[in-house]
Amino acid sequence: PLHQTDYLLNGEILAWKGEVQEVLSPVCFATSGGAVRQVLGSFPLMGEKEAMAALDAAVTAYDSGRGLWPTMSVADRITHVQEFIWRMKETRDEVVKLLMWEIGKPLVESRKEFDRTIDYMVDTIDALKELDRVSSRFVIEQGIIGQIRRAPLGVALSMGPYNYPLNETFTTLLPALIMGNTTIVKPPRHGVLLFQPLLRAFRDSFPPGVVNTLYGAGRQITPPLMASGKVDVLAFIGSSKAADTLQKAHPRPHRLRVSLGLEAKNPAIVLPDAHLRLAVDECIAGSLAFNGQRCTGIKIIFVHENVVDEFLKLFSRAIGNLGFGMPWECAVSLTPLPETDKTGYLTELVKDAEREGAEVINEAGGMVNGTFFYPALLYPVNERMRVYHEEQFGPVIPVVPFKNIEDPIRYMVESPYGQQVSLFGRDRKQLSALIDPLVNQVCRVNINSQCQRGPDIFPFTGRKDSAVGTLSVSDALRAFSIRTLVAAKDQ
Ligand code: G3H
């Protein structure tokens, strides 16, 4: 077992002596009483007092914008981040192993998550150099010489989700840091142990108080932080409800800058002339990569009634070809699920759809074994079913037949979410005509390809309950800073 009893506060790695919370791996072992989750280790169950200590450290290091970090030159901050990247690279093997054990992410995907995080940081440095070069130019206008400077916002609270505990924490933490903010990092409950190997890298690369770590039950420790009114930036990736609670806890929400990546129910629309094999391959990847646990996943598929039978046949065959097993096994894409009783929730969704007239089309679909859930392809799905509305965040694939393109568009108009859509078809004229109505519902229209976040230079955001603010390598730099002006009279 790995006991993550250390935490980083004000530049010191301290040993936690209080209550701890057990970390259960999604990987199970068999007992006479059924499958039991492997105990992986534990992490500190911190309380309000520790949350306030982390906040104090970050507030002190920021020192109302007078601290060492917020006043440091961009070039020097970049040097600190570069040092951090070198140190973090040393932790690759350990972090990858923990991604597999803690959240059940397949080996190849775990490596990708680590490498993508490093690439993101390197690209951020390049983007910042460019931003700084462009914005530091002097402009003379009506006798005033102006220079625009990007300045930090204050103290940022950065919280990532369990499905990308490393990568998505860093997509907000890194831009917050490099723009001169001081930070508190609260890792998700699943994917917390992998922050242990990073503590020394943080401590040795940044001045005291610039990065502070906080562990525990988010519901208990983060609302008091927000209620203090001293958090200037909330960077949260997770559920829309939790984001709401956090924002409402702030006494002066108008002073709070937020960067939120929230829920989504991205549809795929398969037109009658679509290349069906391509559509199936992309929808399989879109709905089942990492067991469907991606905010960018395809979570409902509308297929034209002329081609739906063929689509379902190809789709169930493709599910049968997917590797099912432990994260470290070769060619595996379906792995155990980390969330407590996730298999129970998914089973409920399937049963509810069956009661309302849908069927599980693929062989063994919906079968549960410990923390494994075999993908369930559900058809025909309609609006009376929970799976039509709820973000399943797991391997359940609802398929809805349609006759008129207005039906899937209406679905998007009425949806509380608005992140992405995938559109499959061949007729370019018809595809082009659909782009405008679709892009006005979401923030990314994928033509003949799955929904996804990357490449990270592309803007990543959403409408309605799906997101606030835009995250991409360069957009994030703007999200965590403010544009200021130094203006001098031309003499
Ligand atoms: O869970 C949401 C992630 O942002 C998904 O990212 O599309 O790169 O897998 P991805």
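Fair warning: this is a prediction, and the values are worked out from it, not measured in the lab. (Residues numbered from 1 in each chain as written. Predicted model: local features only at pLDDT ≥ 70, side-chain atom pairs only at ≥ 80, totals over all residues. Heavy atoms only, no water.)

Enquirer: Talk me through the overall build of the protein chain; I want residue IDs and the actual numbers.
Expert: The number of helices and strands found in the protein chain is 16 helices and 25 strands. Computed over the C-alpha atoms, the radius of gyration of the protein chain is 24 Å, within 12% of the 23 Å expected from 2.2 N^0.38 for a compact globule of 491 residues. In terms of principal-axis extent, the alpha carbons of the protein chain reach across some 75 × 65 × 40 Å. Looking at the protein chain residue by residue over its 491 residues, the buried ones come to 55%. Considering only intrachain contacts with a sequence separation of at least 6, the fraction spanning at least 24 residues in the protein chain is 73%. Put simply, the protein chain has 52 plus and 55 minus side-chain charges, and the middle of one group is 3 Å from the middle of the other. (Helix = DSSP H or I, 4+ residues; strand = E, 2+ residues; numbered from the N terminus. Rg over C-alpha atoms; globule rule 2.2 N^0.38 Å. Buried < 20%, exposed > 50% of the residue type's maximum accessible area, 1.4 Å probe, protein only. Contact = heavy atoms within 4.5 Å. Lys, Arg positive; Asp, Glu negative; His and termini not counted. Charge placed at Lys NZ, Arg CZ, Asp CG, Glu CD.)

Enquirer: Tell me about the sheet that holds strand β14 (residues 298-304), and please be specific about residues and values.
Expert: With mixed pairing, the seven strands of this open sheet are ordered in space as β15-β18-β19-β14-β13-β21-β22. Both outer strands of the open sheet, β15 (359-360) and β22 (444-447), are each paired with one neighbouring strand and no more. (Pairing = 2+ DSSP bridges.)

Enquirer: I'd like a description of the side chain of Ser158, backed by residues and values.
Expert: When you line up the elements, Ser158 lands in strand β8 (residues 155-159). What makes Ser158 buried here is its relative accessible area of 1%. Polar contacts involving the side chain of Ser158 include one to the side chain of Thr172, which spans 2.9 Å. If near-sequence neighbours (up to four positions away) are discounted, Ser158 is found in contact with Thr169, Thr172, Leu173, Ile184, Val185, Lys186 and Ala235. (Polar contact = N/O pair within 3.5 Å; in protein donor to acceptor, adjacent residues only side chain to side chain.)

Enquirer: Any details on the environment of Ala488? Residues and values, ideally.
Expert: With respect to the helices, strands and loops of the structure, Ala488 is situated in strand β25 (residues 482-489). For Ala488, a relative accessible area of 38% puts it in the partly exposed group. On a C-alpha basis, the gap between Ala488 and Gln147 in space is 8.8 Å, while along the polypeptide they are 341 residues apart. The residues touching Ala488, leaving out its near neighbours within four places in the chain, are Gly143, Ile144 and Ile145.

Enquirer: Help me get a handle on the site of the ligand, residues and values and all.
Expert: Around the ligand sit Arg116, Asn163, Tyr164, Glu168, Arg294, Cys295, Thr296, Gln452, Arg453 and Phe460, and those are all the residues in its vicinity. Separating an oxygen atom of the ligand from a backbone N or O atom of Cys295 is a distance of 2.6 Å. One of the side-chain N or O atoms of Thr296 is found 2.7 Å from an oxygen atom in the ligand. Isolated, the ligand exposes 300 Å² of accessible area, and the fraction of that covered by the protein chains is 96%. (Near = heavy atom within 4 Å. Areas by Shrake-Rupley, 256 points an atom, 1.4 Å probe, with all protein chains shown as cover.)

Enquirer: Give me the nonpolar core: which residues, what numbers.
Expert: Ranked by internal contacts, the top residues of the largest apolar core, which has 89 residues, are Met88, Phe170, Ile184, Phe202, Phe206 and Leu234. Sequence-distant contacts of Leu234, that is, excluding residues within four places in its chain, are made with Leu157, Met226, Leu246, Gln247, Leu256, Arg257, Val258, Ser259 and Leu260. Phe373, Val381, Leu438 and Val445 belong to the second largest nonpolar core, which has 30 residues in total. (Core = buried A, V, L, I, M, F, W, Y, C linked by side-chain atoms within 4.5 Å.)

Enquirer: Before we move on, can you summarise the pairing of strand β12 (residues 257-261) with the specific residues and values?
Expert: In terms of burial, β12 is a largely internal element, four of the five residues being buried. Of the pairings in the sheet, the one linking strand β11 (residues 233-237) to β12 comprises five bridges and is parallel in character. Bridged to Leu234 within β12 is Val258. Crossover β11 to β12 through helix α9 (residues 240-249) is right-handed. (Right-handed = clockwise from strand over helix to strand, strands pointing away.)

Enquirer: Give me the lowdown on the sheet that holds β25, citing residues and values where you can.
Expert: What the three strands build is an open sheet, ordered β6-β7-β25; its pairing is antiparallel. Of all the strands in the sheet, the pair left with one neighbour each is β6 (138-141) and β25. Taking each pair of neighbouring strands and ignoring which way they run, the sheet shows an average axis angle of 35°. The pairing of β6 with strand β7 (residues 144-151) spans four bridges and is antiparallel. (Axes fitted to C-alpha atoms, helices over the stretch in contact; angles between N-to-C directions.)

Enquirer: So what's going on with unusual backbone geometry? Residues and values would help.
Expert: The omega torsion of the bond from Tyr379 to Pro380 falls at -15°, within 30 degrees of zero and hence cis. The omega torsion across Gly454 and Pro455 is -15°, close enough to zero to call that bond cis. With respect to the helices, strands and loops of the structure, Pro455 is situated in the loop between β22 and β23 (463-464). For Ser64, which is not glycine, the phi dihedral falls at a positive 50°. Within the element layout of this structure, Ser64 appears in the loop between α1 (48-62) and α2 (68-71). Positive phi is not limited to glycine here, since Phe393 has a value of about 45°. Considering the arrangement of structural elements, one finds Phe393 in the loop between α13 (386-389) and β19 (396-402).

Enquirer: Tell me about the pattern of salt bridges, and name the residues and values.
Expert: Summed over all chains, the structure comprises 18 salt bridges. For Lys112, the salt bridge goes to Glu109, with nearest N and O atoms at 3.5 Å. In this pair, Lys112 and Glu109 both sit in helix α5 (residues 107-135), three residues apart, roughly one turn of the helix. According to the relative accessible area criterion, Glu109 is partly exposed, its value standing at 31%. (Salt bridge = Lys/Arg side-chain N within 4 Å of Asp/Glu carboxyl O.)

Enquirer: Go over the confidence of the model for the protein chain, please, and point to the residues and values.
Expert: Note: predicted coordinates in regions of low pLDDT should not be interpreted at a detailed level. In the predicted model, the protein chain carries a mean pLDDT of 96, and the fraction of residues at 70 or more is 100%. Per the prediction output, this complex has pTM 0.97; the corresponding ipTM is 0.96. (pLDDT = per-residue confidence, 0-100.)

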